[in-house]
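Architecture at a glance
Given next are the chains, with one letter for each unit.
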Amino acid sequence: MQNHEVKFVDSKHYRGDCRRHHKRYPVVLPATLVYNENEGVVKVLDISMGGCKMVANSHCSPHAKISMTFYIPSEANAEELVACSPIHALVVRSHHTSNDHYIINVDFRGALFHEHGVEKLIEIHKHQTNH
């Protein structure tokens with residue numbers, strides 16, 4: 001009898017889609033990342049109800065707990081961005097790129113509330129990817 005359990009192996013061909021419970025939506029948007037009491041701006045590349053992928057200027061250790069703040073368009077002026085409530089996340093993967101940046105994948109931790117802005121960002125970008 002063979003064990004058909006799927007092993008998770010990081011490689012250039014593995015995208016992680018087989019283990020995700022939530023569809024990720026491509027985005028390009030800023031967020032604030034707090035790691036080891038240092039705050040910086042990152043560029044989010046995709047987002048789901050369970051986590052996101054981003055580009056950062058510095059490394060975050062896998063299994064580190066971080067805090068992120070997303071920004072959504074203002075109701076009064078779509079050109080202005082409004083900060084949402086911070087959300088906690090766990091770093092799943094962080095790797096260095098050839099252009100001296102880091103690609104960081106995180107899973108959100110704790111309850112996901114409307115105030116975190118994740119649902120709103122998915123709603124906005126879900127409609128953009130369907131057109």
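A brief report on the enclosed structure follows. Since we're looking at a predicted model, the values are computed, not measured.

**Topic: the packing of aromatic side chains**
Using the criterion set out here, one finds 1 aromatic pair in the structure. Between Phe70 and Phe108, the aromatic rings sit 6.0 Å apart at their centres with planes inclined by 85 degrees, giving edge-to-face as the arrangement. With Phe70 in strand S4 (residues 65-73) and Phe108 in strand S7 (residues 102-108), the pair connects residues that are 38 residues apart, well separated along the chain. Like Phe70, the residue Phe108 is buried in the burial classification.

**Regarding the nonpolar core**
By size, the foremost hydrophobic cluster in this structure holds 29 residues, and its most contacted members are Ile47, Cys52, Ile66, Met68, Phe70, Val106 and Phe108. The dominant element in this core, judged by the number of residues it contributes, is strand S1 (residues 25-35), at 6 residues. Each residue touching Phe108, except ones within four places of it in the same chain, is listed here: Ile47, Ser48, Met49, Gly50, Gly51, Cys52, Phe70, Ile87, His88, Ala89 and Val118.

**Some remarks on the environment of His114**
Inspection of the secondary structure puts His114 in the loop between S7 and helix H1 (118-130). In this structure, the C-alpha to C-alpha distance between His114 and Cys84, residues 30 residues apart in sequence, is 9.0 Å.

**Details of the pattern of salt bridges**
Tallied over the full model, the rule gives 1 salt bridge. Salt-bridge contacts for Asp46 lead to Arg24; the nearest nitrogen and oxygen are separated by 3.1 Å. On the criterion of sequence distance, the pair formed by Asp46 in strand S2 (residues 38-47) and Arg24 in the segment before S1 is long-range, its members being 22 residues apart. Owing to a relative accessible area of 13%, Asp46 belongs among the buried residues under this scheme.

How each quantity is defined
Residues numbered from 1 in each chain as written. Predicted model: local features only at pLDDT ≥ 70, side-chain atom pairs only at ≥ 80, totals over all residues. Heavy atoms only, no water. Phe/Tyr/Trp six-rings, centres within 6.5 Å; stacked < 30°, edge-to-face > 60°. Helix = DSSP H or I, 4+ residues; strand = E, 2+ residues; numbered from the N terminus. Buried < 20%, exposed > 50% of the residue type's maximum accessible area, 1.4 Å probe, protein only. Core = buried A, V, L, I, M, F, W, Y, C linked by side-chain atoms within 4.5 Å. Contact = heavy atoms within 4.5 Å. Salt bridge = Lys/Arg side-chain N within 4 Å of Asp/Glu carboxyl O.

By themselves, these are just geometric observations and shouldn't be taken as functional.
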